[in-house]
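Chain and residue survey
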Amino acid sequence: MVMKNDTGTTATFKRFSPCNNTVTIFVNGREIVASGRDTVATCLLVAGELAFQYNKASGEPRGPYCMMGVCFECLVTIDGVPDLQACLVPVEPGMRIETQKGVLQGRDT
Amino acid sequence: MSINSVDVLVVGAGPAGLSAAIELSKRGATTMLIDEQAQPGGQIYRGVELCGESDRKLFGYGYVRGRKIIEDFRQSPIDYKTRTVLVSIESNHVADIFENGVLKRVQAGAIIIATGAYERPVPIKGWTLPGVMTIGAAQIAAKQASVIPSGRTVIVGNGALLWLLAWQYRNFGASIDAIIDLGGRKQISKLLRDFWGFAASSYFLDGAKYYALSRVSTRVITARDQVEILGDTRVEGVVVMQKNGKYQKFAADTVLLHDGILPNTNLLGAIGCEMLWSLSQCSWRPKVNIWQETSVSGVFAAGDNAGIDGAIAAEYSGRIAALDALRQLQILTSQERDTLAQPWIRQRSRARWGRNFIDAYFSPSNTVKTASDATIVCRCEAITHESVSAHIQQEPRRLAHLKSMTRCGMGPCQGRMCSPSVAALTAQISDVHPYQVGPPSHRFPVSPLPLAALAKFDVGLSQDAGKLHE
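The shown structure was predicted, so the numbers you read here are calculated from the model rather than taken from an experiment.

About the thresholds
Sequence order as written defines residue numbering, which begins from 1 separately in each chain. Written order determines the labels here, with chains lettered from A and ligands numbered from 1. Confidence filtering applies because this is a predicted model: local features only for residues at pLDDT of at least 70, side-chain atom pairs given and counted only at 80 or more, and all residues used for totals across whole chains, interfaces and linings. The side-chain quantities take in all heavy atoms of the structure and omit both hydrogens and water. Strands here mean DSSP runs of E at least two residues long; helices mean DSSP runs of H or I at least four residues long; both are numbered from the N terminus. Radius of gyration means the value over C-alpha atoms here, while the globule rule gives 2.2 Å times the residue count to the 0.38 power. Relative accessibility under 20% of the residue-type maximum defines a buried residue, over 50% an exposed one, and the middle range a partly exposed one, all with a 1.4 Å probe and only protein chains included. We call two residues in contact when some of their heavy atoms are within 4.5 Å. What sets the accessible areas is the Shrake-Rupley method with a 1.4 Å probe; for residues, cover comes only from the shown protein chains. Under the convention used here, Asp and Glu are negative, Lys and Arg are positive, and both His and the chain ends fall outside the count. To locate a charge, the coordinates of NZ of Lys, CZ of Arg, CG of Asp or CD of Glu are taken. Think of a 1 Å grid over the protein atoms and nothing else: a 1.4 Å probe that fits but is trapped marks a cavity, an open set flanked by protein within 12 Å on at least five of seven lines marks a pocket, and residues with an atom within 4 Å of a point count as lining. Grid points are joined across faces, edges and corners, and a volume is the space filled by probe spheres set on the points. All residues other than Ala, Val, Leu, Ile, Met, Phe, Trp, Tyr, Cys, Pro, Asp, Glu, Lys and Arg, Gly among them, are scored as polar; the first ten of these are nonpolar and the last four charged. Pairing of aromatic rings covers Phe, Tyr and the six-membered ring of Trp, with a centre-to-centre limit of 6.5 Å; geometry is then stacked below 30 degrees between planes, edge-to-face above 60, and tilted otherwise. Two conditions define a charge located above a ring, namely a distance within 6 Å from the ring centre to NZ of Lys or CZ of Arg, and an angle within 35 degrees of the ring normal. Only the contacting stretch of a helix is used when fitting its axis, a line to C-alpha atoms as for every element, and angles between N-to-C directions run 0 to 180 degrees. Left-handed describes a crossing whose near helix is turned anticlockwise from the far helix through less than a right angle; right-handed describes the clockwise counterpart. Here a strand pair is declared whenever DSSP counts at least two bridges between the two strands.

Let us now look at the overall build of chain B. In terms of regular secondary structure, chain B is built from 17 helices and 22 strands. Taking 23 Å as the expected radius of gyration for a compact globule of 470 residues, we find that chain B reaches 22 Å, a close match to that expectation. Reported as C-alpha extents along the three principal axes, the dimensions of chain B are approximately 65 × 50 × 40 Å. A burial count over chain B gives 57% of its 470 residues as buried. Residue pairs at least 24 apart in sequence account for 68% of intrachain contacts in chain B once pairs closer than 6 positions are excluded. Of the roughly 19,400 Å² of accessible surface on chain B, a fraction of 51% belongs to carbon and sulfur atoms. In chain B, the 50 positive side-chain charges and the 41 negative ones have mean positions that sit 5 Å from each other.

Put into structure tokens, the structure is as follows:
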């Protein structure tokens with residue numbers, strides 16, 4: 001599966017095996033068909049998102065590093081709740097995910 | 001407030017936690033198992049329940065094994081709480097857990113901590129760029145949802161897991177453009193001494209196969225010098241620089257890093273368990289007795305958070321911890337415990353065969369020691385190698401001071417991404433052994449919490465409740 005992300009570059013992740021169950025979710029307003037086994041992090045990677053948030057101290061883009069809840073680099077906004085670890089949250093139908101592009105977004109909440 | 005009361009609280013649903021919980025519930029102890037993830041299995045058996053049978057086999061026998069444990073677990077009467085973290089533990093085994101946005105208090109008779117391991121951070125320049133993740137992260141993506149890189153992929157690092165992933169990627173049809181092997185020169189004499197234990201171990205045949213197949217089928221570059229990741233807003237490549245000024249460049253869309261794994265001891269440290277430095281594994285681990293009990297009475301550490309021994313040893317250490325917890329709860333007599341434990345204690349030792357060889361062969365590269373000035377050491381607060389080193393030189397071996405002056409280690413990861421590097425740098429700059437630097441200090445809460453949850457936390461009449469969150 002080749003998909004274009006917001007910046008027009010090609011996704012750098014794919015699946016080696018087809019999905020049996022799919023769910024429809026929204027990533028930055030775009031409709032995405034995800035696997036029922038996905039976490040928010042795996043589905044964003046396949047959808048072509050690499051930068052999930054901007055570091056709150058430096059403003060640099062960051063993406064998932066450990067995928068197991070340790071590094072806190074994959075923070076996204078899910079259904080309006082900011083700074084959630086994308087690697088720990090399973091996708092659910094109709095879920096609305098926003099990557100966190102603003103430097104201070106989510107801070108102090 | 002009603003306080004939930006259980007015989008044993010188990011933290012972590014990997015092989016150690018699952019095995020402990022199965023054993024406890026089988027012998028009639030009320031058991032609560034809490035885990036951060038949505039599904040059981042920890043990282044080693046991540047997604048094994050939902051993974052199709054043919055896909056499961058592509059990961060190798062070490063993954064398939066998890067299916068059986070989880071089946072047993074699903075049939076056991078255990079209060080299993082997913083996506084729940086342990087926030088703090090007070091004396092007398094009172095634990096505060098965070099579940100579904102709410103803080104709750106649990107009174108336990110004993111606590112078994114099985115929080116596993118995580119990968120040693122690999123600070124090299126550019127490691128914070130999107131598109132760079134760990135070997136473990138790549139395995140998790142594949143196990144969770146069959147996700148693999150589709151572009152040019154370069155692996156950088158050192159460790160057994162690296163060669164396992166390379167073999168698994170061959171099975172998935174994922175291509176690897178290059179493996180940059182940071183494993184330094186091997187100490188042949190030490191390796192020979194430990195080789196026979198390895199040759200007799202369960203790791204030998206599979207491990208040798210993964211290693212040999214990946215080495216011959218992939219371009220492997222041995223790097224003894226500096227490696228940097230290139231890119232501006234995402235990874236674009238890797239450069240290997242040699243001391244004579246020559247360099248080799250590789251274009252990459254994904255870079256996967258690894259430098260071995262470390263016991264995840266934040267929780268144990270915060271409880272106040274005594275820590276020991278492991279010379280062979282270059283990491284801190286809790287001091288445990290033969291029953292996996294830590295220096296804090298009734299608090300057990302089972303599985304890789306008590307020292308890296310692998311998934312099979314973790315199963316036995318979980319069961320052994322459960323037996324002594326049952327004895328402490330007076331469900332078993334000492335004699336019954338000893339009889340039941342005997343075969344498992346033997347199996348646990350058997351499962352540790354070969355570990356010394358693996359530890360020696362893949363002794364950590366500790367990339368921080370050769371990293372350039374601009375390399376980020378503390379990812380959360382974006383603190384560079386240069387500023388951490390400058391501070392250590394000024395105020396040698398005052399890690400608390402470093403924290404308050406630079407914010408290094410103050411971010412949401414609670415120091416897990418920087419403390420091994422800071423300790424290695426401190427040892428190097430101050431010219432002391434890492435154990436003299438001491439284990440990192442941890443405090444509750446060990447997971448970040450929304451303030452709203454704390455504000456709503458009704459601690460009832462517990463006498464020392466106020467102390468906890470001061």
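Text resumes after the structure shown.
Counted by the stated rule, this structure contains 4 cavities of 30 Å³ or more. Roughly 70 Å³ of internal volume is contained in the largest cavity. Residue lining of the largest cavity: T39, C87, L88 and P90 of chain A together with Q37, A38, Q39, R46 and Q144 of chain B, and that is the complete set. Taken together, the residues of the lining of the largest cavity sort by class into 4 nonpolar, 4 polar and 1 charged.

Attention now goes to the packing of aromatic side chains. All names here are of chain B. Overall, the coordinates contain 19 aromatic pairs over all chains when judged by the stated rule. Centre to centre, the rings of W277 and W284 are 5.3 Å apart; their planes meet at 70°, and the pair counts as edge-to-face. With a relative accessible area of 14%, W284 lands in the buried category. The rings of W163, F195, W196, F198, F204, Y211, F357, Y361 and F362 are connected pair by pair, giving a single aromatic cluster. The ring of W344 is capped by R319, whose NZ or CZ atom sits 5.4 Å from the centre of that ring.

With that settled, consider the packing of helix α1 (residues 15–26) of chain B against helix α3 (residues 61–74) of chain B. All names here are of chain B. Running from N to C, α1 and α3 point in directions that differ by 40°, and their axes come no closer than 9 Å. The two elements α1 and α3 meet at a crossing, and its hand is left-handed. Contact residues: α1 offers L18, S19 and I22, while α3 offers I69, I70, D72 and F73. A breakdown of the residues in the contact of α1 with α3 according to their chemical character gives 5 nonpolar, 1 polar and 1 charged.

Moving on: the pairing of strand β15 (residues 247–251) of chain B. Residues and elements named next belong to chain B. Two elements, strand β14 (residues 235–241) and β15, share 5 bridges in a ladder whose sense is antiparallel. Following the sheet pairing, V238 is matched in β15 by F250. Once β14 ends, the chain turns through 5 residues before running back antiparallel as β15, passing G245 with a positive phi of about 95°.

Backbone hydrogen bonds are what pair the strands of a sheet, in a parallel or an antiparallel way. All names here are of chain B. Pairing is parallel in the open sheet, where 5 strands are placed in the order β8-β16-β10-β11-β12. Bordering the open sheet on either side are β8 (132–134) and β12 (220–222), each of which pairs with just one other strand. Strand-to-strand, the axes of this sheet are offset by a mean angle of 20°, without reference to chain direction. Relative to β12, strand β11 (residues 178–181) is paired through 3 bridges, and the arrangement is parallel. Of the residues in β12, the one forming a bridge with I179 is V220. Sheet contacts for helix α4 (residues 135–145): β8, β10 (153–158) and β16 (254–259); angle to β8, the most-contacted strand, approximately 85°.

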